[in-house]
Each structure stands twice: as structure tokens, then as C-alpha cells.
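Structure at a glance
Next come the chains, spelled out residue by residue.
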Amino acid sequence: MSRALACAAMVLLSAPASAETGWLSARGRVSAEPRAELFGGSQSVGGGIAVPVSAGGPGAFGFELAFDFVNRFAEARLTRAWQLTALRFATLSATGALNGFYVPQGAAALGAGAHAGLNLALGGGTFTVDVSADVGAEGFTTGPSRLPLRLGLGLNARIGHVLLSAQGRAGADVVPGRFFAVRAEAVLAAGWAW
Amino acid sequence: MGRAVPRRLRFVFGALALVACGPAAPTRGTVLGDGVAEAWFEVRANATDLVPVRVVFPSDEAGVPRARAARGLVFIQGGLVAEGRYVWLARALAARGVVVALPRHVADLAILSAENGRAAGGLLRDGPGLLAGAVHPEHVAVAGHSLGAVVAGKLMLGADFTSVSYLAGYPEASDVAALSAQRGPALAIAGTADCTAKLPDVRGSLSGLGPLRLIELEGVTHYQFTDSDAQDVSSGCVPGVALDTAHRLIADALFDFIGARP
């Protein structure tokens, strides 16, 4: 059992990231206030903002920029979150996202994709445990399309205006007609809510 | 003061470009001896993944490739066996004129990032730096050891490689029909003393695969395909031949096959 866990941890720590939806939007409890966050993790650094669709409304728009310093490419993510249930102990949201890639090295590539996800938050306004599932489709100017599939787990805390979170995601990119590639990433994030 | 801001901006953009663009492709390698050198490249797989690839090639004393339009081989590592443990084989083949690429894989499990092998094949065909023109683009084969043999079979199905070699392993059962239909040249090298990919299993798994040449090496064990057979010995799997002998037999069999391909 411990050997299997060690093997799984090794795979997750050494797998490349990328091909993912936003970090800020992968939460079941959609913030009613504007917020900004910076995040950094095992593969990438970046930051983003999320603003409610309307003051105190049941959804939010978000924008993130991330740089994958291991694989050296940049990614922009535009997200929309919908609060599906009222804010209770178990709170559900749905997300849609568009992402764009710029891959500079070698044959420079541009990529674009679309994602959809479901996020469940367990907890209250101060602390939540979030689980999420995300599927997407992405295409690049230099290669075949890929279908990212992800499961995520996050711990999110809010202390006054300060936001803190630890999140991880793992899954695979399915490349139709070819293979799959495992993916994993963990990030720590800190932010501010107005 | 008015000129200071653009300089800062130039520095910032310069630093970003350095980070984003990465190292240039090497134009010469590190000499390993016996007319062989190695160099590291980075290649993109799955559009965004940077894959380190070790390339071992015939060279002069300065590490400059001697090969022009040579045969190329992408070698896929066995499961949880570092790609560096096959450098002995790459060196033996490069000493005979073959350019060998050893791509790294996630957690040393090629099955988790099989596309890396295809990207390494592209590197040999269209490589920058010292690889420019070194390999004939229509003479790139693929080989794999153990679990790497499964991946080698899958890569062969992509029609990017001219032949496939299974070392102490065999393709996935679900790929056998398609590989047979493809009728690409195939070689299998098996050790009669292999305790992991046992000879009857290898024979059985390859029985439906054709055309295929199976070479059975007397006394050779599973890990003698790597740089050490200590793992065999510690598990009670006693080799019937010395490691050096096994290496010579394996390299000869693989080169005879790759070298004979048109």
C-alpha cells in the first residue's frame, strides 16, 4: 500500500501540468465580492482576478495569466462561474472557461481551448474543502487536439479580506487516435477580496 | 532619467525571452570515448511539454557528429528504469554509426507519456544543431525494453518509424492485430533466463505477430538489457552469461537488424 502511494506521489510530482481551467474558478462557493489572487506551484506561477457578474450576484467572471516555468509557455484563461445552489454547507458551482496558449520554444505554437467544470464546496464562509471535475478540448497550431480530464481538491480559507488556498489537480490529456499523458499540479495561492 | 525606463524594459523583456526560449540546441556533444559523444536536447511533445532527450551519436574527437544521413533509433526505457541505464547500448550502436535518442518519461514510466517517443523521432528527423542532416529521415526505428516494448509497439502503429524492436518484452495484446496488418519489420530479442518477461510468455505474446524475427539469447536475464544485472541477482534470477557477454549479444542482434533495414 505504501509502495503504491509512493509510486502515485512520484507520478503526480513528476507529471507535467498545463491544459487546465482556472484556479480561481475551481471552487464551489462563488465569491460575491471582487477578488484578486496570486498563485505559485510545482509547475507554474501566475495571478488572476474574479468579479461578480452583478453586485452580490450568483456568478462571476474571471481572468488569469499563468506561466509554466517547467515547460516554458504562457497560458491565459477567461472563466465564467455560475452558483448553482444557495450558499449552504454543501455548495455547488459550474464553470466554463476559454484558454489560450503561447508556446515560444522550437516551432512557436498558439493554442486555444474550452473547458467545463463542476465544483463542490463543503464548509462555510471561512473555510471550505473543494472538490472539482473538469473536462476540456484544446487545439494547437503544431499538433493534434487533446481532451483534458481533471479532478481537483482544494482547501480554501478566508480571514477577513485575506484569501488563502492550497489546491491540487490531477488527471490526463487524452489525445484522440494516439495516447494519453498524465497531468498533475499543486499550487498555493494568496489573495484579497474587497 | 528618461532613458532609464526603456533600458529597464529591455532588461525585463530580455529576461523573459531567456526564460521562455530556453537553451539553444547543442552544436557539439560531450565525448564518451570510442568515437561516440552525447548531447541533450529539448523537444516538445503534446504541444506544450518539454521533453529532455539524450542523443548518443558517432563523433569525432571534438564531439562533432561524424554521421550524415545515418540510421536513427529511438529507444524507450523499461518501466521504472532510468533512460541512462541504456547508454551502454546507445554507445555500442553509435560506435557502429547509429544515432540513438533516449527520451525521458514521466516517473520513468513511458506508458504515462508515450508521445515523448514520437517527439524524439521527430527530433532525429528534423533536429536542430548538431543533428541537422545527421539522420536519414526515412531510417528512424524504434525499440523498447520491457514496458518500453509496449510503448514501442504503440509508436510503431503511428507509422512514424521504419521498424520496431522488442527487447525482453512484447506489444500490448490489443495492438498485435494492427501491428500484424501493418507488416512493418519487427525484431524481438528475448533472454532464456529472463525471470520477468519469461520466454514462454514472450513466445506466446509474439505468436500472432508477423512478420517478426525472434532471437533467443541463451542465459540472458531481464536486467542484463540495462547497465546492471544486480536486480536479477538480488531476486534470485541467476544470469547464465556475464553482463559483458550479454551486452555484446544484445547489441549485435539489434544492430544486425537495424543495420540491415533498407
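Attention here is on the structure that accompanies the text.

Some words on the overall build of chain B
Along its length, chain B carries 8 helices and 9 strands. Counting the 262 residues in chain B, one finds 53% classified as buried. Considering only contacts in chain B between residues 6 or more positions apart, those separated by 24 or more positions represent 63%. Accessible area of chain B: about 10,700 Å², with a carbon and sulfur share of 57%.

Re the pairing of strand 8 (residues 186–191) of chain B
Residues and elements named next belong to chain B. By the criterion of burial, strand 8 is predominantly enclosed, with 6 of the 6 residues buried. Side chains A186, A188 and A190 project from strand 8 onto one buried face, and the interleaved L187, I189 and G191 project onto a second face that is buried too. Where the polypeptide runs from strand 7 (residues 164–167) across helix 5 (residues 173–182) and back to strand 8, its parallel neighbour, the crossover connection is right-handed. Of the strand pairs in this sheet, strand 8 and strand 9 (residues 213–217) are connected by 5 bridges, and their pairing is parallel. From the neighbouring strand, I189 faces strand 9, where its bridge partner is I215. In this region the chain leaves strand 8, passes through helix 6 (residues 199–206) and returns to the parallel neighbour strand 9; the handedness of that crossover is right-handed.

Details of the state of the cysteines
By definition, a disulfide links two cysteine residues through a covalent bond between their sulfur atoms. Residues and elements named next belong to chain B. Scanning the entire structure with this criterion turns up 1 disulfide over all chains. Note that C195 is cross-linked by a disulfide to C237, the S-S spacing being 2.0 Å. Residues C195 and C237 are joined through a disulfide that is right-handed, its torsion about the S-S bond being 85°. Taken together, the residues span a long stretch of sequence, with C195 in the loop between strand 8 and helix 6 and C237 in the loop between helix 7 (230–234) and helix 8 (243–260) at a distance of 42 residues. Overall, the relative accessible area of 39% leaves C195 in the partly exposed class.

Here's the deal with the pattern of salt bridges
This model, assessed by the stated rule, comprises 22 salt bridges over all chains. Where R150(A) meets D173(A), a salt bridge forms, and the shortest distance between an N and an O atom there is 2.9 Å. Here R150(A) is found in strand 8 (residues 143–159), whereas its partner D173(A) is found in strand 9 (residues 162–174), with 23 residues between them in sequence. Accessibility expressed as a relative area gives 3% for R150(A), which makes it buried. A salt bridge links R118(B) to E115(B); the nearest nitrogen and oxygen atoms lie 2.7 Å apart. Taken together, the residues R118(B) and E115(B), both in helix 3 (residues 115–126) and 3 residues apart, mark about one turn of the helix. Across this residue pair, the class does not change: R118(B) and E115(B) are buried. Taken together, the shared-partner salt bridges in this structure form one network comprising E138(A), R146(A), R150(A), D173(A), R183(A) and D49(B).

Section: the sheet that holds strand 5 (residues 90–103) of chain A
Residues and elements named next belong to chain A. Strands sit in the order 1-2-3-4-5-6-7-8-9-10 around a closed barrel of 10 strands; the barrel is antiparallel. With strand direction ignored, the average angle separating the axes of adjacent strands in the sheet is 20°. Pairing analysis gives 10 bridges linking strand 4 (residues 73–83) to strand 5, with the strands arranged antiparallel. Residue T79 lies in a different strand from strand 5, and its bridge partner there is A97.

Topic: unusual backbone geometry
Leave glycine aside and you will find that most residues have negative phi; peptide bonds, for their part, are mostly trans. All names here are of chain B. Backbone geometry places D34, a non-glycine residue, at a positive phi of 60°. As for its position among the elements, D34 is in the loop between strand 1 (30–33) and strand 2 (36–45). Note on D34: relative accessible area 67%, which makes it exposed.

The rules behind each value
Residues numbered from 1 in each chain as written. Chains lettered and ligands numbered in written order. Predicted model: local features only at pLDDT ≥ 70, side-chain atom pairs only at ≥ 80, totals over all residues. Heavy atoms only, no water. Helix = DSSP H or I, 4+ residues; strand = E, 2+ residues; numbered from the N terminus. Buried < 20%, exposed > 50% of the residue type's maximum accessible area, 1.4 Å probe, protein only. Contact = heavy atoms within 4.5 Å. Areas by Shrake-Rupley, 256 points an atom, 1.4 Å probe, with all protein chains shown as cover. Right-handed = clockwise from strand over helix to strand, strands pointing away. Pairing = 2+ DSSP bridges. Disulfide = S-S within 2.5 Å. Salt bridge = Lys/Arg side-chain N within 4 Å of Asp/Glu carboxyl O. Axes fitted to C-alpha atoms, helices over the stretch in contact; angles between N-to-C directions.

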